[in-house]
Amino acid sequence: MRSKPTRASSTDVADAVGLERDLRLVGQRVIRHDARDKVTAATAFAADWAMPGMLHGVVLRSLYPSARIKNIDATRAASMPGVAAIMTAKDVPRNTLWTDVPGQTTAVGSLRAKLHVLAEDRVRHQGEPVALVAAETEEQAREAAEAIAVEYELLPGVFDPAQALEPGAPRVHEEGNLLAHWRVCHGDVAAAFARAAVVIEGDYRTQFVDAAYLEPESGVAWIDSDGVITIRVSTQVIEHFRDVAEVLNVPQNRVRIIGTYLGGGFGGKEDVTVEVYLGLLAWKTGRPVKMVWSRQESLLARAKRHPFRLRYRTGALRTGQIVAQEIELLADAGGYAYLSALVLLYATVTAAGPYRVPAVSVDARVAYTNNVPTSAMRGFGAMQVVFGYESQMERVARALGLSPVEMRKINALSRGDTLPVGQVVDTHVALPELAERAWAALGELTPPRAPHVKIGRGLACNFQPYGRIVWLHDWSSAWVGFEMDGSLVVRSGVPDVGGGQASSLCQIAAEVLGVPLEQVSVYIADSALTPLAGTTTASRQLYMSGNAVLKASRELCEQLLKAAAAVLGVDRDAVGLADSAVRTADGRSLPLPELLHACSRMGVPRSHLGVYHAPAGEPVDLEKGAGKVFPDYTYGAHAAEVEVDTETGVVKVLKLVAVHDVGRAINPLSVEGQIQGGAVQGLGYALMEDVVVEKGINMTTSFASYLIPSAVDVPDVRAIVVESGEGLGPFGARGIGEPPIGPPAAAVANAIEDATGARLSVLPLTSERLARALGLM
């Protein structure tokens with residue numbers, strides 16, 4: 001499923017910013033340190049861990065989407081063979097999890113997301129946790145959970161976000177169903193529409209989507225010899241040790257989380273999953289406890305990608321210049337807030353696309369319903385709106401007789417432009433180049449194989465923030481140190497979700513400190529033993545932890561070279577580190593182990609802790625367009641060629657080209673993998689993935705009903721890596737974990753219209769929907 005990627009520099013910009021061209025390791029296609037173990041199945045994932053005397057934990061979940069809990073009777077279950085503990089809400093020291101976003105408010109007040117660990121007096125979605133069971137075997141635990149008698153009183157539910165906001169709708173929470181409301185108003189929208197030569201209106205819908213990772217939620221917890229509750233778990237956030245401590249009402253230093261290498265995350269392991277349940281059961285029983293969710297359980301209960309309703313009204317001049325955008329967004333939060341308000345914020349900020357639009361209004365809301373909750377997933381709100389704004393760009397281009405590439409080039413942002421929220425774009429925007437490269441790389445048009453088969457092509461561009469919102473004052477830390485033999489150790493709390501996060505840190509440290517990559521060891525994701533690095537989310541780890549390692553390495557290099565200059569009797573500027581030795585300008589060398597022993601005698605540290613603080617800012621008023629929201633953005637363009645069977649509506653993607661300006665590719669192999677993987681996930685979103693929810697009941701709890709793309713469903717994805725050197729990450733890198741998932745759906749929809757003339761506005765773009773649009777049904 002991998003075609004040969006292409007790597008290119010945005011040469012003029014690279015020269016202007018001084019893109020370093022003499023690096024040894026950064027920019028090289030090196031094999032990641034964890035690759036061999038993963039290929040040979042030697043990697044120990046969270047579910048592979050076991051301990052003597054270990055219990056097995058399971059969660060009893062609600063069958064109903066909206067009901068009052070009248071009584072829970074666990075008497076029979078507690079007497080069953082092998083049962084060690086049963087816990088309900090009354091047994092939890094503190095039964096509430098909170099997610100706070102400092103300084104952040106919307107039209108409905110400050111954001112503080114509340115979630116019950118176990119349901120108390122009512123349930124608000126199917127699959128909500130009601131009780132925990134620990135037993136000697138998993139089978140015994142599940143049998144006991146089924147024996148717990150829960151008496152429910154069914155309550156009216158609301159399952160549509162628009163209906164949830166109507167007067168008199170059943171209240172999911174007492175404070176009302178409107179969770180968050182963002183507004184943006186930039187320029188005179190009415191006047192801009194008055195001078196538009198063409199106005200295009202469109203309503204679009206995106207669907208519930210599951211992360212559908214290979215590795216379900218899993219972990220093991222135990223109490224160590226010092227009384228510390230230790231949890232080895234598959235997570236994107238080791239800082240959840242604080243949440244576990246809060247729930248258990250113990251000091252935070254009495255909880256330790258050890259993150260494993262993940263078998264997929266995609267945002268689905270950003271929120272708390274099994275951590276708190278494991279901590280509770282280990283605390284209750286005093287014994288090790290393992291919990292592994294089944295595939296059915298994961299698909300049933302874990303938070304999904306938000307479905308959005310997107311209403312766009314776009315005005316343009318005859319030249320193709322977009323002059324006005326009027327946008328309404330409505331998202332479904334499900335039964336609890338999770339990160340919904342933040343997802344909506346990302347969607348609001350990026351709703352007008354990577355384009356220069358003088359007048360924009362955005363009205364964005366997210367509502368509680370009794371559907372399955374929604375939260376973080378790859379792209380985080382900024383990817384849903386791509387389907388809206390890129391469908392509009394294509395329709396405007398067709399109305400004015402412009403080519404897809406020409407339309408994007410006319411309207412693309414440039415350095416110095418201002419986004420509708422008031423943020424000035426202060427790095428290079430390569431969008432015109434990216435669009436041209438993507439379109440050209442499709443090559444010759446594939447001839448149709450039969451008269452009833454049509455071939456079409458589509459283009460879609462996007463921009464995705466990387467790094468967290470600036471008013472969160474984000475930071476990351478890393479420790480870099482030499483052993484006496486010259487081998488190098490990197491320690492950082494970064495969870496590695498499979499994107500090569502840990503290996504990139506090794507490359508950066510080895511580059512700066514002049515040692516071979518094979519002499520570097522890395523220790524990650526241990527809340528007690530590695531410096532905290534924050535979440536592996538928001539395409540932030542290379543940017544944040546990469547900069548922390550870069551800072552630590554450079555500062556360590558400087559203190560070592562000062563010592564080396566003293567030993568060699570030369571000026572500091574006359575020495576450098578290369579090939580595990582100190583090199584002087586006159587050709588002398590000092591092996592690194594000798595320098596390290598000299599440092600030991602001189603009292604010079606052989607290690608350094610680096611802390612990187614991201615550019616910070618204060619909360620902004622989006623409606624007034626007050627200023628900076630995100631540190632920077634990654635830009636991309638995808639071009640698709642599709643084959644459409646006009647007798648059945650079946651769509652086959654023949655070609656997909658994905659072009660992104662990544663600033664600097666630390667490891668092109670990892671970058672290409674991220675682009676190709678994200679693009680394939682985007683094709684699943686475009687054509688087949690759909691969590692079907694009927695009156696709050698999830699109908700897709702297996703891979704027989706929840707479809708994800710396989711190798712036969714997608715083409716080779718051609719990844720073209722452009723390096724402008726303009727990113728804020730180490731050596732000018734930009735985040736690339738999330739951006740590639742955004743454009744494929746819009747590119748395929750635009751290609752289908754090119755082939756058939758039919759515009760599909762609801763995802764996924766199934767053969768049934770296309771058949772109806774073509775009048776076949």
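Residues numbered from 1 in each chain as written. Predicted model: local features only at pLDDT ≥ 70, side-chain atom pairs only at ≥ 80, totals over all residues. Heavy atoms only, no water.

Side note on the overall build of the chain
Looking only at helices and strands, the chain features 19 helices and 31 strands. The C-alpha atoms of the chain give 27 Å as radius of gyration, which agrees with the globular expectation for 777 residues (28 Å, within 12%). The C-alpha extent of the chain, read off along each of the three principal axes, is 80 × 75 × 55 Å. Sorting the 777 residues of the chain into buried and exposed places 62% on the buried side. (Helix = DSSP H or I, 4+ residues; strand = E, 2+ residues; numbered from the N terminus. Rg over C-alpha atoms; globule rule 2.2 N^0.38 Å. Buried < 20%, exposed > 50% of the residue type's maximum accessible area, 1.4 Å probe, protein only.)

With respect to helix 11 (residues 384-400)
With 17 residues, helix 11 ought to run about 24 Å at 1.5 Å a step, and its terminal C-alpha atoms sit 26 Å apart, in line with that. Of all the 17 residues making up helix 11, 13 are buried; the element is thus mostly covered by neighbouring parts of the structure. (Expected span 1.5 Å × (residues − 1).)

With respect to the packing of aromatic side chains
In total, this model carries eleven aromatic pairs according to the counting rule given. Here Y346 and F380 contribute two aromatic rings whose centre-to-centre distance is 4.7 Å and whose plane-to-plane angle is 70°, an arrangement assigned as edge-to-face. One end of the pair, Y346, is in helix 10 (residues 340-350); the other, F380, is in the loop between strand 18 (359-368) and helix 11, with 34 residues separating them in the sequence. The residues Y346 and F380 share a single accessibility class, namely buried. Where Y466 meets Y543, the ring centres are 5.5 Å apart and the plane angle is 90°; that geometry is what we call edge-to-face. One end of the pair, Y466, is in strand 19 (residues 453-466); the other, Y543, is in helix 15 (residues 541-568), with 77 residues separating them in the sequence. One exposure class covers both Y466 and Y543, and it is buried. (Phe/Tyr/Trp six-rings, centres within 6.5 Å; stacked < 30°, edge-to-face > 60°.)

Considerations on the domain arrangement of the chain
Each domain of the chain was delimited in the assignment, giving domain 1 (46-155 + 217-292), domain 2 (308-470 + 619-773) and domain 3 (475-613). On a C-alpha basis, the centres of domain 1 and domain 2 stand 35 Å from each other. At the interface, 22 residues of domain 1 touch 24 residues of domain 2. Regarding the contact of domain 1 and domain 2, the summed buried area is about 1,700 Å², with carbon and sulfur atoms giving 60% of it. (Domains from an automatic or database assignment. Contact = heavy atoms within 4.5 Å. Buried area = accessible area lost by both parts, 1.4 Å probe.)

Points about the side chain of S527
With respect to the helices, strands and loops of the structure, S527 is situated in the loop between strand 22 (520-524) and helix 15. A polar side-chain atom of S527 sits 2.8 Å from the main-chain amide nitrogen of I257. Not counting residues up to four positions away in its chain, the partners in contact with S527 are I238, F241, V255, R256, I257 and L532. (Polar contact = N/O pair within 3.5 Å; in protein donor to acceptor, adjacent residues only side chain to side chain.)

Focus on the pairing of strand 4 (residues 83-87)
Among the five residues in strand 4, four count as buried, and that is most of the element. Where strand 4 and strand 8 (residues 129-135) come together, four bridges link them in antiparallel fashion. Counted as the bridge partner of V83 is A135 from strand 8. (Pairing = 2+ DSSP bridges.)

Things to note about a nonpolar patch on the surface
On the surface, a cluster of nonpolar side chains totalling about 310 Å² of accessible area is made up of L63, Y64 and L154. Looking at the element boundaries, Y64 is found in the loop between strand 2 (55-61) and strand 3 (67-73). (Patch = residues over 30% accessible without salt bridge, like charges linked within 9 Å, V, L, I, M, F, W, Y side chains within 5 Å. Areas by Shrake-Rupley, 256 points an atom, 1.4 Å probe, with all protein chains shown as cover. Salt bridge = Lys/Arg side-chain N within 4 Å of Asp/Glu carboxyl O.)

Describing the sheet that holds strand 9 (residues 149-154)
Ordered in space as 7-3-9, the three strands form an open sheet in which the pairing is antiparallel. Whereas interior strands pair on both sides, the edge strands pair on one side only; in this sheet they are strand 7 (122-123) and strand 9. For strand 3 and strand 7, the ladder comprises two bridges, and the chain directions are antiparallel. Each bridged residue has a counterpart across the sheet, and for A67 the counterpart in strand 7 is V123.

What to know about the environment of L763
With respect to the helices and strands, L763 occurs in the loop between helix 18 (744-756) and helix 19 (767-773). Along the backbone, L763 and Y685 are 78 residues apart, and their C-alpha atoms lie at a distance of 7.5 Å. With sequence-adjacent residues up to four places away left out, L763 is seen in contact with R205, T206, Q207, F387, Y685, A686, A745 and R769.

Some thoughts on the sheet that holds strand 16 (residues 308-316)
Sheet architecture is open: five strands sit in the order 10-18-17-16-11, paired in mixed fashion. For this open sheet the edge positions go to strand 10 (178-186) and strand 11 (198-205), each flanked by a neighbour on one side alone. Averaged over all pairs of adjacent strands, the angle between strand axes in this sheet comes to 5°, irrespective of strand direction. Sheet topology note: the strand 11/strand 16 ladder contains eight bridges and is antiparallel. Paired with Y204 across the strands is L310, a residue of strand 16. Across the sheet, helix 10 is in contact with strand 10, strand 16, strand 17 (322-334) and strand 18; its angle to strand 10 comes to roughly 20°. Lying over the sheet, helix 11 contacts strand 11, strand 16 and strand 17, oriented at roughly 150° with respect to strand 11. (Axes fitted to C-alpha atoms, helices over the stretch in contact; angles between N-to-C directions.)

Quick word on helix 14 (residues 501-513)
The α-helix advances 3.6 residues per turn, and as a result positions three or four apart in sequence lie on the same side. With 13 residues, helix 14 extends 19 Å between its outermost C-alpha atoms, agreeing within 8% with the 18 Å of an ideal straight helix rising 1.5 Å per residue. Burial of helix 14 is extensive: 13 of the 13 residues sit out of reach of the surface. Phi turns positive one or two residues past the end of helix 14, at G514, with a value near 70°.

Overview of the packing of helix 12 (residues 404-411) against helix 13 (residues 431-441)
With their axes 9 Å apart at the nearest point, helix 12 and helix 13 run at an angle of 170° to one another. With respect to helix 13, the element helix 12 is oriented roughly antiparallel. Contact with helix 12, carried on its side by P404, V405, R408 and K409, involves P432, A435, E436 and W439 of helix 13 and no other residues of that element. Its residues placed into classes, the contact of helix 12 with helix 13 shows five nonpolar, no polar and three charged. (Parallel < 35°, antiparallel > 145°, perpendicular 65-115°, else oblique. Nonpolar A, V, L, I, M, F, W, Y, C, P; charged D, E, K, R; others polar.)

Examining the confidence of the model for the chain
Predicted confidence across the chain gives a mean pLDDT of 95, with 96% of residues reaching 70 or more. Segment residues 11-19 is flagged for pLDDT under 50; beyond a separation of four residues in sequence, or across chains, it makes 17 contacts in the model. (pLDDT = per-residue confidence, 0-100.)

Description of unusual backbone geometry
Here the residue pair L763 and P764 is connected by a cis peptide bond, since its omega of -5° sits within 30 degrees of zero. Looking at the secondary structure, you find P764 in the loop between helix 18 and helix 19. With phi around 50°, H473 is a residue other than glycine that occupies positive phi space. With respect to the helices and strands, the residue H473 is situated in the loop between strand 19 and strand 20 (475-482). Phi is positive for K695, close to 50°, though the residue is something other than glycine. Structurally, K695 is set in the loop between strand 29 (693-694) and strand 30 (697-698). We classify K695 as exposed; its relative accessible area is 63%.

Some thoughts on the pattern of salt bridges
A complete count under the given rule lists 39 salt bridges for this structure. For R734, the salt bridge goes to D632, with nearest N and O atoms at 3.3 Å. With R734 in the loop between strand 31 (717-723) and helix 18 and D632 in strand 27 (residues 632-645), this residue pair connects regions lying 102 residues apart in the sequence. A single burial state applies to R734 and to D632, both of which are buried.

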